[in-house]
Amino acid sequence: MNNIHRYWLILVIVVYGYGFELGKYGNFAFERVHKNVYVMHGPVTEPNKENEGFMNNPAIIEGKHGLIVVDPGGNYRVGKKVLAEIINVSQKPIMAIFNTHKHGDHWFANKAMVEAYPHAVIYADEHMIEEAKAGEAEKWYRILDRMTGNLEGTKAFAYPTKALKMGDRIEIDGEMFVVRHPKAAHTDTDLLIEHVNSGTLFLGDNVMVGRFGAFDASSSILGNKELLEEIMQEKEMAYYIPGHGISGERGRVVEPYLTYLRTITEEMKRAYVDEVEPYEVIDRVKSRLKVYENWDGIGHTLGRHLDKVYAEIEEQDDAS
Ligand SMILES: [Zn+2]
């Protein structure tokens, strides 16, 4: 490429843009990751003013006549930007949307999608729809509003319209999906979505890469760990997409998060047997988790995760 060509290429990129821009986090666009599957890998941080509440992994499956979207993002405004990028990938209409769980950072952008495509069907786990309507949406609205200040236009919520349950198989535009619902893992509303045609598994927030989840009261760290043990034992699929962080093959995506959950569980089982409190052994646990020191939020989440898994172990022991 000579200088004149390079100049024009740069001009085209500047004028038409490459992805949407998000301050220090850079530009975001969809990339084709596997067959007819595209992902926009969001910034791996907690919601804040600078990321405008965008920090998940919206994805697209391109069918013959239309598009299927997974977790379009965390608010209406982000949804509009994600939508513009979807249109850059394909101008086919959005026929369906999947939401992986009740946390608003994944589904509040439904609003922008259905505004443009009112016929799009939104699928989620049956419990997700119930809980979102019963107060979880409002709770997440307040959390994200406080952290990002970017919720304008997000209400009235575009709730999922079709309930799915464990084991359901559905075909949309010739693309086959099988869903699974663990009783409690990242939350009690999770939906893992297998796209059969491409051999891709959408893990929702049951797996993150480069940051940690907040295990809320409805979650189960032990349940999350068991789910991932199962996934590691199954026949390997071609591609894995976490709720946050870079997608790829199973060993790179699922394994690190599982190892983290295994380590904290093992350590808290030992602490429980030794009758010591989590905070008394936190330094020992930290020394085993050195490979995660660059993951976002480990400093303030580890203590809470240890308390949570300790309580679960205690409860399990009381019940037996
Ligand atoms: Zn979540």
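For the structure itself, look to the data block above.
Residues numbered from 1 in each chain as written. Predicted model: local features only at pLDDT ≥ 70, side-chain atom pairs only at ≥ 80, totals over all residues.

Draft legend 1. Region of interest: the overall build of the chain. Along the chain, the regular secondary structure elements total nine helices and 14 strands. Projected onto its principal axes, the C-alpha coordinates of the chain cover approximately 70 × 45 × 40 Å. Within the chain, counting contacts between residues at least 6 apart in sequence, those at least 24 apart form 70% of the total. (Helix = DSSP H or I, 4+ residues; strand = E, 2+ residues; numbered from the N terminus. Contact = placed C-beta atoms within 7 Å.)

Draft legend 2. Broad picture of the sheet that holds strand 12 (residues 192–195). Reading across the sheet, the five strands line up as 10-11-12-13-14 and stay open at both edges, with mixed pairing between neighbours. A single partner strand is all that each edge strand has here, and the edge strands are strand 10 (169–172) and strand 14 (239–244). Pairwise comparison of adjacent strand axes, ignoring direction, gives a mean angle of 30 degrees for this sheet. (Pairing = 2+ DSSP bridges. Axes fitted to C-alpha atoms, helices over the stretch in contact; angles between N-to-C directions.)

Draft legend 3. Expanded view of the nonpolar core. Within the largest apolar cluster, 78 residues are counted, with the highest numbers of intra-cluster contacts made by V69 and Y257. Take this core: its biggest share by element is nine residues, from helix 7 (residues 250–273). Those residues within four positions of Y257 in sequence are excluded, and the remaining contacts are V207, M208, V209 and L228. (Core = buried A, V, L, I, M, F, W, Y, C linked by C-beta atoms within 7 Å. Buried ≥ 20, exposed ≤ 12 C-beta atoms within 10 Å, placed from the backbone.)

Draft legend 4. Representation of the packing of helix 7 against helix 9 (residues 298–319) within the structure. At a closest axis distance of 9 Å, the pairing of helix 7 and helix 9 adopts a crossing angle of 60 degrees. As the angle between them shows, helix 7 and helix 9 are arranged oblique. Relative to helix 9, the crossing made by helix 7 is right-handed. For the pair helix 7 and helix 9, the contacting residues are I264, T265, M268, K269, A271 and Y272 in the first and H305, L306, V309, Y310, I313 and E314 in the second. Taken together, the residues that form the contact of helix 7 with helix 9 break down as eight nonpolar, two polar and two charged. (Parallel < 35°, antiparallel > 145°, perpendicular 65-115°, else oblique. Left-handed = near helix turned anticlockwise from the far one by under 90°. Nonpolar A, V, L, I, M, F, W, Y, C, P; charged D, E, K, R; others polar.)

Draft legend 5. Focus on the pairing of strand 11 (residues 175–180). The alternating pattern of strand 11 places E175, F177 and V179 on a buried face and M176, V178 and R180 on a face that is not buried. Bridge count between strand 10 and strand 11: four bridges; the pairing is antiparallel. In the sheet register, E171 faces strand 11, and the bridge partner there is M176. The loop that links strand 10 with its antiparallel partner strand 11 comprises two residues; one of these, D173, has a positive phi angle of about 55 degrees. Bridging between strand 11 and strand 12 involves four bridges; their strand directions are antiparallel.

Draft legend 6. Looking closely at helix 5 (residues 126–148). With 23 residues, helix 5 extends only 28 Å from end C-alpha to end C-alpha; this falls clearly short of the ideal 33 Å at 1.5 Å per step. The elements touched by buried residues of helix 5 are helix 3 (104–107), strand 8 (121–125) and strand 9 (162–164). Remark: G149 follows helix 5 within two positions and exhibits a positive phi of approximately 60 degrees. (Expected span 1.5 Å × (residues − 1).)

Draft legend 7. Quick look at the pairing of strand 6 (residues 67–70). A two-sided burial pattern is seen for strand 6, the buried positions comprising L67 and V69 on one face and I68 and V70 on the other. Turn length for the strand 5 (residues 59–62)-strand 6 hairpin, with the two strands adjacent in sequence and antiparallel, is four residues. Examined bridge by bridge, strand 6 and strand 7 (residues 94–98) share four bridges and lie parallel to one another. By the bridge assignment, V69 is partnered in strand 7 with I97. Note on the crossover from strand 6 through helix 2 (residues 76–89) to strand 7: the handedness is right-handed. (Right-handed = clockwise from strand over helix to strand, strands pointing away.)

Such coordinate-based values are descriptive only and should not be taken to indicate function.
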